[in-house]
Amino acid sequence: MDVQGTVAEGFEPVRDAFVRNFETRGERGAAVAVYRDGVKVVDLWGGTRDVDGTEPWAVDTAQVVRSATKGVAAAVPLLLHQRGQLDLDAPVGTYWPEFKAAGKERALVRHLLSHRAGVPALDRPLTVAEAADGTSGAHAVAAQAPAWAPGTDHGYHAQTYSWLLSELVRRVTGRTIGRWTAEELARPLGLDFWIGVPDHEAHRIGRIGRIDEPPTASGGGLKLRPKRSVAEAYRDPDSLTRRAFGAIDPMPDENDPGYRAAELPASNGVSTARALARFYAATIGEVDGHRLFAPATLTLARTEESTGPDRVLVVGTRFGLGYMLHGPASPLLGPGSFGHPGRGGSLGFADPESGIALGYVTNGMRKGVTADPRAQALVRAVRSAT
């Protein structure tokens, strides 16, 4: 495998793990970047730009990162709170009166961010066109009766997170979340990251696709075979799990330019590994003169809000305000780490204690939701280097 890029002294294990992902874990095309204390120490890419093609992955290739989008999108309400524009303890209905319908009047802004709002699924799934039109999703979640009393339990809002966050940001700022992210995050930090890809950047995006699982989990890490209860939840069309992931039906074609141009902060962000790592580096420290989170905001991001059995993912999960926290379902670098994986592979996170921030993107999608073996191999390599 011809891997391109650079690795700082001491981080050679990350390059070795990245190469092994191609050799033993079925990787087709991918990139990984790591920052330490605001300085880039790993920047690697290799394989093919498209999962089903032969053109090499280029230095500026970007990919759909699915739910890793959530971690960047979560910074928007946290920064609005930091600027005094949003009260995390206010009812959502303070900003979005229609959301109070059907028993959700006590849902707080922090409940949206910590997957406690009670609306992970819709009684009627949205079509792809409705999901992307900027209005139908907000109307649907506002009218939806909650599956549990908001604030009393948690369950991963896999797709509905898009419309919850988008409408809240629009009501508070008057801007779409894609525009806010572009103007307030991507432009100042120099990130190749988009929620809603502009036409002039579409040529950089590779094709993603499903790839087979390797025969065994190579090099340690999590087992690839899910627990029976998890497998049954995904098979049952009436389960909250299936309904949450199926809130858009039929499933969208993630390689369709029209879908990529939509603003779905739960699932369709497009990024380079470099951009994910740089974003997370700026949440925990200064990067070229820019820092995103004040200390109090950083505490909010990684203070546990939800823990225990997840009513959608069916395993134990931990969430802060908008971020998955280190735990068995989503192992990161250490107890203080926070970030977000993308279903099928991608990952972005920061670890304030070590000053590490990592971004990993891939075009080869696997079944797993939170702990892909390829990403975990890279995390272990970073841990061994720090």
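Scroll up to find the structure this text is about.
Since the model is a prediction, treat every value here as computed from it, not as a measurement. (Residues numbered from 1 in each chain as written. Predicted model: local features only at pLDDT ≥ 70, side-chain atom pairs only at ≥ 80, totals over all residues. Heavy atoms only, no water.)

**A short note on the overall build of the chain**
So, point 1. Counting its regular elements, the chain contains 14 helices and 14 strands.
So, point 2. The C-alpha radius of gyration of the chain comes to 19 Å, within 12% of the 21 Å expected for a compact globule of 386 residues.
So, point 3. Each of the three principal axes of the chain carries a C-alpha extent, and together these read 55 × 45 × 40 Å.
So, point 4. When the accessible surface of the chain is split by element, carbon and sulfur atoms take 49% of a total near 14,800 Å².
So, point 5. For the chain, the distance from the average site of its 44 positive side-chain charges to the average site of its 44 negative ones is 4 Å. (Helix = DSSP H or I, 4+ residues; strand = E, 2+ residues; numbered from the N terminus. Rg over C-alpha atoms; globule rule 2.2 N^0.38 Å. Areas by Shrake-Rupley, 256 points an atom, 1.4 Å probe, with all protein chains shown as cover. Lys, Arg positive; Asp, Glu negative; His and termini not counted. Charge placed at Lys NZ, Arg CZ, Asp CG, Glu CD.)

**Comments concerning the packing of aromatic side chains**
So, point 1. Enumeration according to the criterion identifies nine aromatic pairs in this entry.
So, point 2. Relative to Y280, the ring of F279 has its centre 4.9 Å away and its plane inclined at 75°; by these criteria the two rings are edge-to-face.
So, point 3. The class for F279 is buried, based on a relative accessible area of 0%.
So, point 4. With a relative accessible area of 0%, Y280 lands in the buried category.
So, point 5. On the numbers, 5.2 Å between centres and 85° between planes, the contact of Y323 with F338 is edge-to-face. Within this pair, whereas Y323 is found in the loop between β9 (316-319) and β10 (324-325), its partner F338 is found in strand β11 (residues 338-341), the two being separated by 15 residues in sequence. F338 matches Y323 in its accessibility class, with the two residues each being buried. (Phe/Tyr/Trp six-rings, centres within 6.5 Å; stacked < 30°, edge-to-face > 60°. Buried < 20%, exposed > 50% of the residue type's maximum accessible area, 1.4 Å probe, protein only.)

**Some details on the nonpolar core**
So, point 1. By size, the foremost hydrophobic cluster in this structure holds 75 residues, and its most contacted members are W163, L185, F279, F293, Y323 and F338.
So, point 2. For this core, the leading source of residues is helix α12 (residues 273-284), giving nine residues.
So, point 3. If sequence neighbours within four positions are ignored, F293 has contacts with A75, L78, L79, Q82, A282, T283, L298, A301, Y323 and F338.
So, point 4. Of all hydrophobic cores here, the second largest spans 26 residues; its members include V14, L333, A375 and A381. (Core = buried A, V, L, I, M, F, W, Y, C linked by side-chain atoms within 4.5 Å. Contact = heavy atoms within 4.5 Å.)

**Comments concerning the environment of P252**
So, point 1. Looking at the element boundaries, P252 is found in the loop between α10 (240-245) and α11 (257-261).
So, point 2. Relative accessible area serves as the criterion here: at 13%, P252 is assigned to the buried category.
So, point 3. Separated by 124 residues in sequence, P252 and V128 place their C-alpha atoms 5.9 Å apart.
So, point 4. Contact partners of P252, with chain neighbours within four places excluded, come to V128 and Y259.

**Here we look at the packing of helix α3 (residues 75-82) against helix α8 (residues 177-189)**
So, point 1. Interhelical geometry of α3 versus α8 gives an angle of 65° and a closest axis separation of 11 Å. As summarised for this structure, α3 and α8 are arranged roughly perpendicular, according to the angle between their axes. Every pair of crossing elements has a handedness; the one defined by α3 and α8 is left-handed. For the pair formed by α3 and α8, the contact residues are A75, V76, L79 and L80 on the first element and I177, W180, T181 and L185 on the second.
So, point 2. Tallied by class, the residues present in the contact of α3 with α8 amount to seven nonpolar, one polar and no charged. (Axes fitted to C-alpha atoms, helices over the stretch in contact; angles between N-to-C directions. Parallel < 35°, antiparallel > 145°, perpendicular 65-115°, else oblique. Left-handed = near helix turned anticlockwise from the far one by under 90°. Nonpolar A, V, L, I, M, F, W, Y, C, P; charged D, E, K, R; others polar.)

**Some remarks on the pattern of salt bridges**
So, point 1. Throughout the structure, instances matching the rule amount to 26 salt bridges.
So, point 2. A salt bridge links E130 to R124; its shortest N-O distance comes to 3.2 Å.
So, point 3. Relative accessible area serves as the criterion here: at 49%, R124 is assigned to the partly exposed category. (Salt bridge = Lys/Arg side-chain N within 4 Å of Asp/Glu carboxyl O.)

**Quick look at the pairing of β11**
So, point 1. Neither face of β11 is open: one carries F338 and H340, the other G339 and P341, and all of them are buried.
So, point 2. As judged from the two bridges shared by β10 and β11, these two strands associate in the antiparallel manner. Note on β11: the bridge partner recorded for M324 is G339.
So, point 3. Of the pairings in the sheet, the one linking β11 to strand β12 (residues 347-351) comprises four bridges and is antiparallel in character. Following the sheet pairing, P341 is matched in β12 by L347.
So, point 4. Linking two consecutive strands that pair antiparallel, namely β11 and β12, is a turn of five residues; a positive phi of about 105° is found at G344 within it. (Pairing = 2+ DSSP bridges.)

**Considering unusual backbone geometry**
So, point 1. D249 connects to P250 through a cis peptide bond whose omega is 0°.
So, point 2. Within the secondary structure, P250 is located in the loop between α10 and α11.
So, point 3. In this model, D37 sits at a positive phi of 55°, which is unusual for a non-glycine residue.
So, point 4. You can see D37 is positioned in the loop between β2 (29-36) and β3 (39-47).
So, point 5. Under the relative-accessibility criterion, D37 is labelled exposed at 59%.
So, point 6. Non-glycine residue V314 carries a positive phi angle of around 70°.
So, point 7. Tracing the chain through its elements places V314 in the loop between β8 (306-309) and β9.

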